[in-house]
Amino acid sequence: MNIILLGPPGAGKGTQASRLEDERGMVQLSTGDMLRAAVKAGTPVGLKAKAVMEAGELVSDEIVSGIIGERLDELGDETGAIFDGYPRTAPQAASLDTILAERGRTLDHVIELVVDEDALVERITGRFTCASCGEGYHDKFKLPAVAETCDQCGAHEFKRRPDDNEETVRTRMTEYRAKTAPILPIYEARGLVKRVDGMADIAHVTDAIEAILDGRG
Ligand code: ADP
Ligand code: AMP
């Protein structure tokens, strides 16, 4: 099964992708995570992407479609993919069709996480992750069970993204509205879009997504 999680920054795509990985053995393909790794490693892609990401703008379609194809090739044929943060433009949606077709894969669902825009700034400015395993947290909505200790791996170091500030979030939302939301009708025309209330508790959102994957939603 191959699915896209679609929604504005902070909608909960990464949170849900990680829970589906744990529960279903699917693999999260997050272009944001891949680009951050490239920036950290100082690769040619990372050098091109760094300033664009810090400004909250979109990295070029060629770069992101290239890295997503490479990563998909690393998955076994039986492993389902969760696309998180990709595609983000109409050309990326067209590239994904080609990338999937070339590998004999089909797109099963496009799951839109519907959220109130007002909540997104609070979600994003409160976001942090474990510096060791990447588990996601939130200052208010998802604190570690034991203070300053990762629930998953027990590490004590956490980090925040440089682009998770209020000003950049506004640019990222503008980019979402202008370039990403317009791809929904492409998938609607194919009958692939399912909507989930992204304002519900994290566990309830997962339940709603699982119902869709199991054909109950
Ligand atoms: P995205 O990947 O769509 O940008 P994240 O999954 O990183 O968003 O979520 C953004 C922040 O909001 C994180 O700190 C996460 O813990 C928190 N969060 C995610 N889903 C929910 C939810 N349903 N309710 C409250 N907070 C949430
Ligand atoms: P994310 O982790 O999904 O919030 O993405 C962080 C940043 O990486 C975005 O603000 C963009 O600058 C860049 N990025 C991630 N995915 C894409 C994509 N599919 N297309 C263009 N830029 C992307």
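Note that residues are indexed from 1 along each chain, following the sequence as it is written. Chains carry letters from A onward and ligands carry numbers from 1 onward, assigned in written order. Reporting of local features is limited, given that this is a predicted model, to residues whose pLDDT is at least 70; pairs of side-chain atoms are given and counted only at 80 or more, and all residues count toward the totals for whole chains, interfaces and linings. Remark: hydrogens and water are excluded; side-chain values derive from all non-hydrogen atoms of the structure.

With an unreviewed UniProt entry as reference, the protein is termed Adenylate kinase, source organism Sphingomonas tagetis. UniProt positions are given in the numbering used here, feature names are shortened, and annotations may be inferred rather than shown by experiment. In its Pathway (unreviewed entry) section, UniProt records this for the protein: "Purine metabolism; AMP biosynthesis via salvage pathway; AMP from ADP: step 1/1." The Subunit (unreviewed entry) field of the UniProt record for the protein holds the comment "Monomer."

A. Quick peek at the pattern of salt bridges. Each salt bridge in this description consists of a side-chain nitrogen of Lys or Arg and a carboxyl oxygen of Asp or Glu lying within 4 Å of one another. For the structure shown, the criterion picks out 22 salt bridges. The residue Lys50 makes a salt bridge to Glu54 at a minimum N-O spacing of 3.3 Å. One end of the pair is Lys50 and the other is Glu54, both in helix α3 (residues 44–55) and 4 residues apart, which spans about a single turn. Burial classes follow relative accessibility: with a 1.4 Å probe on protein chains only, a residue under 20% of its type's maximum area counts as buried, one over 50% as exposed, and anything between as partly exposed. Using a relative accessible area of 39% as the deciding quantity, one classes Glu54 as partly exposed. Only runs of H or I of at least four residues qualify as helices and only runs of E of at least two qualify as strands under DSSP, and these elements are numbered from the N terminus.

B. Layout of the site of ligand 2. The environment of ligand 2 is made up of 16 residues, and the closest members are Thr31, Arg36, Glu57, Gly85 and Gln92. Measuring from a nitrogen atom of ligand 2, one finds a side-chain N or O atom of Thr31 at 2.8 Å. In the environment of ligand 2, a nitrogen atom lies 3.0 Å from a nitrogen or oxygen atom belonging to the side chain of Arg88. Areas reported as accessible are Shrake-Rupley estimates using a 1.4 Å probe. Residue values count occlusion only from the protein chains shown. Within the complex, the protein chains bury 96% of what would otherwise be the 480 Å² of accessible surface of ligand 2. It is helix α2 (residues 31–41) that provides the largest number of residues to the shell around ligand 2, a total of 4 residues. A class-by-class count of the residues in the shell around ligand 2 yields 6 nonpolar, 4 polar and 6 charged. Throughout, near means a residue has at least one heavy atom within 4 Å of the molecule or strand. Polar contacts here mean pairs of N or O atoms no more than 3.5 Å apart (in protein, one a potential hydrogen donor and the other a potential acceptor; neighbouring residues in sequence count only if both atoms are side-chain atoms). Polar here means any residue outside two lists: the nonpolar Ala, Val, Leu, Ile, Met, Phe, Trp, Tyr, Cys and Pro, and the charged Asp, Glu, Lys and Arg; Gly therefore counts as polar.

C. Looking closely at the pairing of strand β1 (residues 2–6). Of all 5 residues in β1, 5 are buried; the element is thus mostly enclosed. A two-sided burial pattern is seen for β1, the buried positions comprising Asn2, Ile4 and Leu6 on one face and Ile3 and Leu5 on the other. Across 4 bridges, β1 lies against strand β3 (residues 81–84) in parallel orientation. Bridge pairing in β3 places Asn2 opposite Ala81. One ladder, built from 4 bridges, connects β1 with strand β4 (residues 109–114); its direction is parallel. Paired strands, in this sense, are two strands between which DSSP finds at least two bridges.

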